[in-house]
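The chain contents come next:
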Amino acid sequence: MTSAVLFLLLFLCMAIGMPVAMALGLSSVVTILFFSQDSLASVALKLFEALSEHYTLLAIPFFILSSAFLSTGGVARRIIRFAMDAVGHIRGGLAMASVLACMLFAAVSGSSPATVAAIGSIVIAGMVRAGYPQSFATGVICNAGTLGILIPPSIVMLVYAAATEVSAARMFMAGVIPGLLMGGILMFAIYVVARIRDLPARPWPGLRELAASFFSASGGLMLIVIVLGSIYGGIASPTEAAAVSAVYAFLVAVLGYRDIGPLKGVPWRREGEPLARAAARNLLQMAWALVRSAGDAQVRGVVMEAAKVSIMLLFVIANAMLFAHVLTTERIPHAIAQQIVEMGLPAWGFLILVNLVLLAAGNFMEPSAIILIMAPILFPIATRLGIDPIHLGIIMVVNMEIGMITPPVGLNLFVAAGITGRSLPWVVRAAVPWLGLLLLFLILITYLPQISLFLPGLIDRLQGY
Amino acid sequence: MSVRVLNRIEEAVIALLLVATTLLVFVDVVLRFGFGTGWLWSQELTLHLSAWFVLFGASYGVKVGAHIGVDALVRVLPRRARRAASAVAVAAALVYCGLFLAGSWIYLGKMFRIGIEMEDLPVPLWVAHGILLVGFALLALRLLQLLWRVLRGEAEGFRFADEAEESLHLARGEAEEARR
Amino acid sequence: APTVIKFSHVVAENTPKGRAANAFADIVNTFMGDEVRVEVYPNSQLYNDNKVLEAMLLGDVQMAAPSLSKFERYTKKLQVFDLPFLFRDIDAVDRFIASPAGQGLLASMERKGIVGLGYLHNGMKQLSASRPLRVPADANGLKFRIMSSDVIAAQFEAVRATPLKKPFSEVFTLLQTKAIDGQENTWSNIYSKKFYEVQPYITESNHGYLGYMVVTSKEFWNGLPEATRAKLKKALDIAIEYGNQVARVKAGTDRAAIARSGRSEIIQLTDEQRAQWVEAMKPVWKKFEREIGEDLIEAALRANEG
Ligand code: NA
Ligand code: NA
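Just so we're clear, the structure is a prediction, and the values are computed from it rather than from any experiment.

Caption draft 1: View of the overall build of chain C. What chain C contains, in helices and strands, is twelve helices and nine strands. Since a compact globule built from 306 residues should have a radius of gyration of about 19 Å, the 19 Å found for chain C is in line with a globular shape. The proportion of buried residues among the 306 residues of chain C is 63%. In chain C, the share of contacts with a sequence separation of at least 24, taken over all contacts with a separation of at least 6, comes to 74%.

Written as structure tokens, this is what we have:
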């Protein structure tokens, strides 16, 4: 009864066009008012707790800030150039390079839509010019973009870690092999399609250009080393690594690449300028630029964009935590868990159920909210059935990836529609053929836990003794 | 003070909170890794700064139409029905605010009477959590403004510029750069 | 309808605290079920240790058992339990708790609206680190993860180590990657959180006590009929007795399991080494003497002479 009211209210509020965060919050509070002994004050307390007691979630605004600097600061462009040089000469190479670029960008950014936007807005047009069908290009990018939350760092993994108290660092580690595997599968499928449909290849650019483009991209790619290196090298926790990444992304965009900010258009070395002189000039200019960044319109714009996205995401997450809290006080997860356990499902059967429920939810809701609402329900059952919490987390993440390319709520679809200027149904049709691959991948991930658990286990074995 | 100035101040506060939180965590890493030391209070401070950031910024989100939502259903309605639905949605959001304002008032009042402080900082708890009242009051103001405009037919309801559009917006300039 | 008591705690159900809470619920629900019903919420399902007391004061949780260090904002007196090397062993803690001074502390937060009902043990704390800690100088310059507590921070500063506050969920990874060098905890926590797998050395220091106070709100407690209160107190005493027994046994078996695993070396201190640690950390007592009260420290010391 209570749960029926709770969910009904939520859907009603969302249907009439309330923001998801407020819909979650309002349905929670109303349910508490009518069905529970809890006070209004405890709801305010719980909301503040959701915002101020989760150190893991603090990483989210940092990763968003870092992504914002990477998207505007010329990093995506340099990553794409490098990816093109690396695999562009293979048949279908341009599409494969796009996947590689998505993977590389995923490794520095925590969000899928950000990955689609940063890479897609450049490469889709590029592929079309090179003779690829536009729907093919769009479909590839929609799918490869989902890697943003599977390849670490990942905002969705951070939310899962906060909801279940598993270590975010271990979740990140668990996503590496599945992410590489998914990228590999996509590239292989592209190669096959390219052979059949005789898609174009680019000439081999030569090692010199490859090295040059790698060097040019390395400023951005260093972030992979900084984020993962500092987490696994014992320098920082995921939250701290995210803050470091944000600071670095700012430095590389404003002082390094100089595509935005006060140094825009200022060359590292003027023609004929002696090296020592250039070094001294740059040093002074960079120090002064740090101060001037505070007043720079472009830098402020990037910070405000990141702030906007972070505020909204964290506000949704806080209200979703409140919603999950109401579920808990009303013992709804207990009841559902009880029922499922009584059904006597084996672990594999339970996992099918998990996938179906998550896929359905992914059609309508925002990933963080789904994870926060579903994790408290699924987690205890999974533990009882002997499913590893990390494995369950990766399954949930892959489901969320699929949710990003299924209508009506699919962030990647929205972004792709925006980039191509096409209608949503057109984008859906373009992405559907590739959906099969993701579903196949989901089955692999679900029934071969070793894909997810191998790397965290290996790290344990290496460092344990 | 003109509205323009107020807007600038609002944005400056939001940006400052985000940047301060980021730098504080960054400095924490530098202190620990570089100098083997650290501040015991920094974790609590950063967490509270981020809570302030979100609660203060929620109303700004309404202003710039940045909240995440689904308006697919409302969009297929005829115009008058859509306006009615939007008005109900905004009114419901106001109820949400009202309930939270009431709850926050009771909660903060209790903390004020008991008189406890934050864990690691010598700041009264009711002050540190006072942003609950401030944030929801600002949010209620913005919603009232929006309701007024919906009723007069000047606004259609919450504009949803979801994460998708934000990412897009950021990347767009980049794409133009690449095309040149 | 029976009065509902929501008992909220932050650990798993199979821990000593979790089992004591469940035992309390079983006793109450069996013998006074038509009068009072106890619902236990483990694993921080409702609130974490920071917020649970606030929720209790608002009347949304009726019972909780946060660790003693968590009461620092409500009374400074309970800091006596955090003082290093004050209690010789867990028996001394028991004697202190049973003494008038220990029982008096249950009422130390009444002015803030909190009533203590009893003490639950976790156990005596040990030091673990990436380097062997035999004398205080070995801790010099190392980074230790601590709970939020002024006393424990001062304790590590006394041996020139750096205390750092880190969220519990990341401690394992931070220890594994050596971002922090060590931590202090009881045998049962070191075992259940697998810290022994990533910390090659554990010093059996027994330097401090980790325990919890079972608390309720004054408003709720005084609103119950006298007879109900007496029965609840009785039920809780039995549950606590049981939980403390479990804790004692567990400390022994977990220590043995860690020793058997061979993944970390357990270092025994000689009397002379131990004396050095006491010497180094004792100034902490002086530092907090005024806030805690000299008489309480005296009473605790007397409990050592059982
Ligand atoms: Na990523
Ligand atoms: Na979807």
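Here the narrative resumes, following the displayed structure.
Caption draft 2: Structural context of the interface of chain B and chain A. Facing 74 residues of chain B, the contacting portion of chain A comprises 75 residues. With both sides pooled, the region where chain B packs onto chain A buries about 6,500 Å², and carbon together with sulfur makes up 79% of that total. Across the chain B-chain A interface, the total number found is one salt bridge. The residue E240 of chain A makes a salt bridge to R32 of chain B at a minimum N-O spacing of 2.9 Å. Where chain B touches chain A, the interface holds two residue pairs in polar contact (both at pLDDT 80 or more). Within the residue set of the side of chain B that touches chain A, elements represented by two or more residues are α1 (3-35), α2 (42-63), α3 (72-75), α4 (79-114), α6 (131-151) and α7 (163-179) of chain B. A total of 15 residues in the side of chain B that touches chain A trace back to one element, the largest contributor, which is α1 of chain B. The class makeup of the residues in the side of chain B that touches chain A is 48 nonpolar, 15 polar and eleven charged.

Caption draft 3: A look at the packing of aromatic side chains. In the structure shown here, the tally under the stated rule is 18 aromatic pairs over all chains. Judged by centre distance (5.7 Å) and plane angle (65°), the ring pair of F136 of chain A and W434 of chain A falls under edge-to-face. Taken together, the positions of F136 of chain A in helix α8 (residues 134-145) and W434 of chain A in helix α20 (residues 424-447) put the pair 298 residues apart, joining distant regions of the chain. With respect to burial, F136 of chain A and W434 of chain A carry one shared label: buried. Summarising the aromatic geometry, the rings of Y96 of chain B and F136 of chain B are spaced 5.9 Å apart at their centres and angled 65° between planes, so their arrangement reads as edge-to-face.

Caption draft 4: Region of the structure containing a nonpolar patch on the surface. Residues and elements named next belong to chain A. Together, W348, I352, L356, I443 and Y447 give the surface a local cluster of nonpolar side chains, amounting to about 540 Å² of exposed area. Contributions of two or more residues to the nonpolar patch are made by α16 (347-362) and α20. Ranked by residues supplied to the nonpolar patch, first place goes to α16 with three residues. Within the secondary structure, I352 is located in helix α16.

Caption draft 5: Representation of the nonpolar core in the model. Grouped together as the largest cluster of nonpolar side chains are 294 residues, with contacts concentrated most on I60 and F69 of chain A together with V80, F81, L83 and F96 of chain C. With 21 residues, helix α14 (residues 297-329) of chain A is the largest single contributor of residues to this core. Residue contacts for I60 of chain A: discarding those within four places in its chain leaves I155, L158, V159, L313, L314 and I317 of chain A. With 27 residues, the next largest nonpolar core counts F7, F220, W221 and L232 of chain C among its residues.

Caption draft 6: Representation of the interface of chain A and chain C. Tallying the contact residues gives 35 residues for chain A and 27 residues for chain C. Summed over the shared surface of chain A and chain C, the number is three salt bridges. Across the pair E240 of chain A and K166 of chain C runs a salt bridge, and its minimum N-O distance is 2.8 Å. Where chain A meets chain C, there are five residue pairs in polar contact (both at pLDDT 80 or more). When contributions to the side of chain A that touches chain C are tallied by element, the ones reaching two or more residues are α3 (40-52), α10 (168-197), α11 (207-232), α12 (238-257), α14 and α21 (449-464) of chain A. Examining the composition of the side of chain A that touches chain C, we find that five residues originate from one element, α3 of chain A, more than from any other. Taken together, the residues of the side of chain A that touches chain C break down into twelve nonpolar, 14 polar and nine charged.

Caption draft 7: Seen up close, the coordination of the sodium ion (ligand 1). Residues and elements named next belong to chain A. Donor atoms from the polypeptide that bind the sodium ion (ligand 1) are A106 (O), S109 (O), G148 (O), I151 (O) and P153 (O), placed at 2.2 to 2.4 Å. Here the donor residues of the sodium ion (ligand 1) are spaced in sequence according to A-x2-S-x38-G-x2-I-x1-P. Within this pair, whereas A106 is found in helix α6 (residues 93-106), its partner I151 is found in the loop between α8 and α9 (155-164), the two being separated by 45 residues in sequence. Each member of the pair, A106 as well as I151, carries the same accessibility label: buried.

Caption draft 8: Looking closely at the side chain of R281 of chain A. Residues and elements named next belong to chain A. By the secondary structure assignment, R281 is in helix α13 (residues 275-293). Of the residues examined, R281 reaches a relative accessible area of 13% and is grouped as buried. Beyond its immediate sequence surroundings of up to four residues, R281 is in contact with V266, P267, W268, R269, R270 and E273.

Caption draft 9: Spotlight on the side chain of K125 of chain C. Residue and element names in this part refer to chain C. Tracing the backbone shows K125 in strand β4 (residues 114-129). The class of K125 is buried, set by a relative accessible area of 3%. At 2.9 Å, the side chain of K125 and the side chain of E184 are in polar contact. Discounting chain neighbours no more than four positions away, the residues touching K125 are I152, E184, N185, T186, S205, N206, H207, G208, Y209 and L210.

Caption draft 10: How the structure looks around the packing of helix α2 (residues 20-35) of chain A against α14 of chain A. Residue and element names in this part refer to chain A. Running from amino to carboxyl end, α2 crosses α14 at an angle of 25°, the nearest separation of the two axes being 8 Å. The angle between α2 and α14 places the two elements in the roughly parallel class. As α2 packs across α14, the resulting crossing turns out to be left-handed. Contact with α2, carried on its side by V20, A21, M22, L24, G25, S27, S28, T31 and I32, involves F315, V316, N319, A320, L322, F323 and V326 of α14 and no other residues of that element.

Reading the values: the criteria
Residues numbered from 1 in each chain as written. Chains lettered and ligands numbered in written order. Predicted model: local features only at pLDDT ≥ 70, side-chain atom pairs only at ≥ 80, totals over all residues. Heavy atoms only, no water. Helix = DSSP H or I, 4+ residues; strand = E, 2+ residues; numbered from the N terminus. Rg over C-alpha atoms; globule rule 2.2 N^0.38 Å. Buried < 20%, exposed > 50% of the residue type's maximum accessible area, 1.4 Å probe, protein only. Contact = heavy atoms within 4.5 Å. Buried area = accessible area lost by both parts, 1.4 Å probe. Salt bridge = Lys/Arg side-chain N within 4 Å of Asp/Glu carboxyl O. Polar contact = N/O pair within 3.5 Å; in protein donor to acceptor, adjacent residues only side chain to side chain. Nonpolar A, V, L, I, M, F, W, Y, C, P; charged D, E, K, R; others polar. Phe/Tyr/Trp six-rings, centres within 6.5 Å; stacked < 30°, edge-to-face > 60°. Patch = residues over 30% accessible without salt bridge, like charges linked within 9 Å, V, L, I, M, F, W, Y side chains within 5 Å. Areas by Shrake-Rupley, 256 points an atom, 1.4 Å probe, with all protein chains shown as cover. Core = buried A, V, L, I, M, F, W, Y, C linked by side-chain atoms within 4.5 Å. Donors = N, O, S within 2.8 Å, 3.2 Å for Na, K, Ca; no water. Axes fitted to C-alpha atoms, helices over the stretch in contact; angles between N-to-C directions. Parallel < 35°, antiparallel > 145°, perpendicular 65-115°, else oblique. Left-handed = near helix turned anticlockwise from the far one by under 90°.

Note that every value here comes from positions in space, so none of it alone points to a role or purpose.
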